[in-house]
Amino acid sequence: MSKELRMFYYLISLSLLAVFSAALLGSFFSVLPGNVALIKIDGEIGQPGIFGGVSADDLISLIDEAERNPNVKVLVFSINSPGGSIVSVQEVVERVKEVQKPKVAWIRDMGTSGAYWIASACDAIVASPFSITGSIGVVASYLEFSGLFERYGIKYVNLSIPKKKDMLTPYRELTEEEREDVMEILNESYWGFLEDVAHNRNMSVEEVMNLSDEGAVMLGKEAYERGFVDYLGGKKKALEVAKELGNLSEVEVSVYEKKRSMSELLSDLLFGLSRFELKASQTPS
Amino acid sequence: MLDKRFAALLIDCLIFYLLLFLPSSLAFFYSMGLRDLTSLEGLEAPSASFLFFSLFLFFLYKSSFEFSFSQTPGKYFLSLEVRGAEKFGDALLRNLPFLFPPLFLFDLLPLVTSDQRLFERISHTQVLYLPKLVIEV
């Protein structure tokens, strides 16, 4: 065999080896194939556990992953949440706003309070006529045991400096001044929430305040009539809207979800139970 | 002879691009599951990995050809031969700057006074011009 022919075969072999190695290397960086990223927001935001819930960090990393993937043209948030911690929700809202790709919020059974805030940061909101949404407002609550202590002759001794240091302790009632302080904090948070929803929905603050009916929950149908929802429908409608916003010829959905490690599952199982008991006991009477 | 060596390198780059880089980049991005290759925005980590893989591939292409045939396809077309690459290690050493390009800063300096790069001197290898003898009647 001539040298030229041997060199040619060698070159072809090297090329095949390169293709095979590159394919192997590429498989380590594989991304989901769908042009629509479905990100689930299930349960309380900021309180993940075995009974549901999602942390802001997990949601943000899923959004990052979907945004980085060039296959993804539209993000669809499947929302089934009562809201959650204001800080976690606000972090997610800010991240959603930063996404340059079109975003659709699809409210399923429930998308209230903070979950609605996240939905409002999307380009379009789809909800079922029977979804529970709205509840635009903030709430803070804690258990107070002073009556119980009194009944059993237990006295709470406060030695704090300055005097408001132990405010919100469950062992005594709030003073009028402290109550005003807490209400001021709630008021600030409420206005921040309200103004952002108004800005996201292209509505005035007064409109949002009046139409949100003092923070009441509302059905998807009512929310649509009041301008808080853009389309009535389910998954089919949400994907139709995604198709339109992303100028897609066909829709292929990939679900983005956090893969939980075995240690996380075990930790949720152990510590989630205690958290569940606490949450249940905090349900307002 | 430097002009011939540079031309040989250009031919090698072209062959490498057409037969190794292009097919392997398609294989890499296809196996990643990418449907649209018009934008690599957000894919900095995989792109950087592929870039390093390509450097390694070119390093392997040059080293293995020079060890096995004493010349790369580019050098073959310009009648250049590598002498002294008796072991595969010699061929790898002389081509080390292709794997770590910043090394070229030092590697090319001796070319001002001679025909040997620094890593050719270190590996005791040399490129020679051996024109084919053509007898015409």
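Computed from a prediction, not measured in an experiment: that's the story for all the values here.

Calculation criteria
Residue numbers run consecutively from 1 along every chain, following the written order of its sequence. Whichever chain is written first is A, and whichever ligand is written first is 1; the rest continue in order. Confidence filtering applies because this is a predicted model: local features only for residues at pLDDT of at least 70, side-chain atom pairs given and counted only at 80 or more, and all residues used for totals across whole chains, interfaces and linings. In computing side-chain values, all of the structure's heavy atoms are included and hydrogens and water are not. In this description, contact between two residues means that some pair of their heavy atoms is separated by no more than 4.5 Å. Reported buried area values correspond to the accessible surface (1.4 Å probe) lost by two parts on association, with both partners' losses combined. Criterion for a salt bridge: a side-chain nitrogen of Lys or Arg within 4 Å of a carboxyl oxygen of Asp or Glu. Contacts described as polar in this section are N or O atom pairs within 3.5 Å, which, within protein, must combine one atom able to donate a hydrogen with one able to accept it, while residues neighboring in sequence count only if both atoms come from side chains. Each helix corresponds to a stretch of at least 4 residues labelled H or I by DSSP, and each strand to a stretch of at least 2 residues labelled E; elements are numbered beginning at the N terminus. Between buried and exposed lies partly exposed: a residue is buried under 20% and exposed over 50% of the maximum accessible area for its type, with that area taken using a 1.4 Å probe on protein chains only. Here a strand pair is declared whenever DSSP counts at least two bridges between the two strands. Every helix has an expected span of 1.5 Å times one less than the residues it contains. Throughout, the arc means that of the directions going from the helix axis to the C-beta atoms. Between 30 and 60 degrees the pair is tilted, below 30 it is stacked and above 60 it is edge-to-face, where a pair is any two Phe, Tyr or Trp rings, Trp via its six-membered ring, whose centres lie within 6.5 Å.

Q: Just to check I follow, could you spell out the interface of chain A and chain B for this structure?
A: One widely used convention gives an interface's size as the accessible area the parts lose upon coming together. Facing 26 residues of chain A, the contacting portion of chain B comprises 33 residues. Interface area, chain A with chain B, both sides summed: about 2,500 Å², of which 71% is carbon and sulfur. Three residues, Met 7, Leu 11 and Phe 29 of chain A, lead the burial of chain A against chain B; their summed loss comes to 22% of the area buried on that side. Applying the counting rule to chain A against chain B returns zero salt bridges. The tally of links between chain A and chain B comes to nine residue pairs in polar contact (both at pLDDT 80 or more). At 16 residues, helix H1 (residues 3–28) of chain A tops the list of elements feeding residues into the side of chain A that touches chain B.

Q: Help me understand the pairing of strand S2 (residues 74–81) of chain A, please; the structure alone is not making it clear to me.
A: Two faces belong to every sheet, and in a regular strand the side chains alternate between them. Residue and element names in this part refer to chain A. Here S2 lies mainly inside the structure; seven of its eight residues are buried. Here strand S1 (residues 36–42) runs beside S2; their pairing, made up of seven bridges, is parallel. In the strand pairing of S2, Ile 41 is matched with Ile 79. As defined by bridge partners, S2 adjoins strand S3 (residues 103–112) across six bridges and the pair is classed as parallel. The residue of S3 that forms the bridge with Ser 81 is Gly 111.

Q: Would you mind showing me how to read helix H3 (residues 86–98) of chain A here?
A: Because an α-helix completes one turn every 3.6 residues, residues spaced three or four positions apart along the sequence face the same direction. Residues and elements named next belong to chain A. Taking 1.5 Å of rise per residue, 13 residues should cover 18 Å, and H3 covers 18 Å from first to last C-alpha, within 8% of that figure. Ser 88, Val 89, Val 92, Val 93, Arg 95 and Val 96 are the residues of H3 that are buried. Along the axis of H3, the buried residues cluster in a sector spanning 165°; they form a single face. Where H3 is buried, its residues touch helix H2 (56–68), S2, S3, helix H4 (114–120) and helix H6 (176–200).

Q: Just checking my understanding: could you explain the environment of Asn 200 of chain A for this structure?
A: All names here are of chain A. Residue placement: Asn 200 occurs in helix H6. The class for Asn 200 is buried, based on a relative accessible area of 18%. Sequence spacing of Asn 200 and Ile 118 is 82 residues, and the spatial spacing of their C-alpha atoms is 9.7 Å. The contacts of Asn 200, once residues within four sequence positions are left out, are Lys 97, Trp 117, Ser 120 and Ala 121.

Q: What am I meant to see in the packing of aromatic side chains here?
A: In this description, an aromatic ring pair is defined by two values, namely the gap between the centres and the angle between the planes. Taken as a whole and judged by the stated rule, the model has 26 aromatic pairs over all chains. For the ring pair Trp 117 of chain A and Phe 193 of chain A, a centre distance of 4.7 Å and an interplane angle of 20° mean the geometry is stacked. One end of the pair, Trp 117 of chain A, is in helix H4; the other, Phe 193 of chain A, is in helix H6, with 76 residues separating them in the sequence. On the basis of relative accessible area, Phe 193 of chain A is assigned to the buried category, the value being 2%. Ring geometry for Tyr 76 of chain B and Phe 77 of chain B: centres 5.5 Å apart, planes at 70°, overall edge-to-face. Residue classification places Tyr 76 of chain B among the buried positions, given a relative accessible area of 18%.

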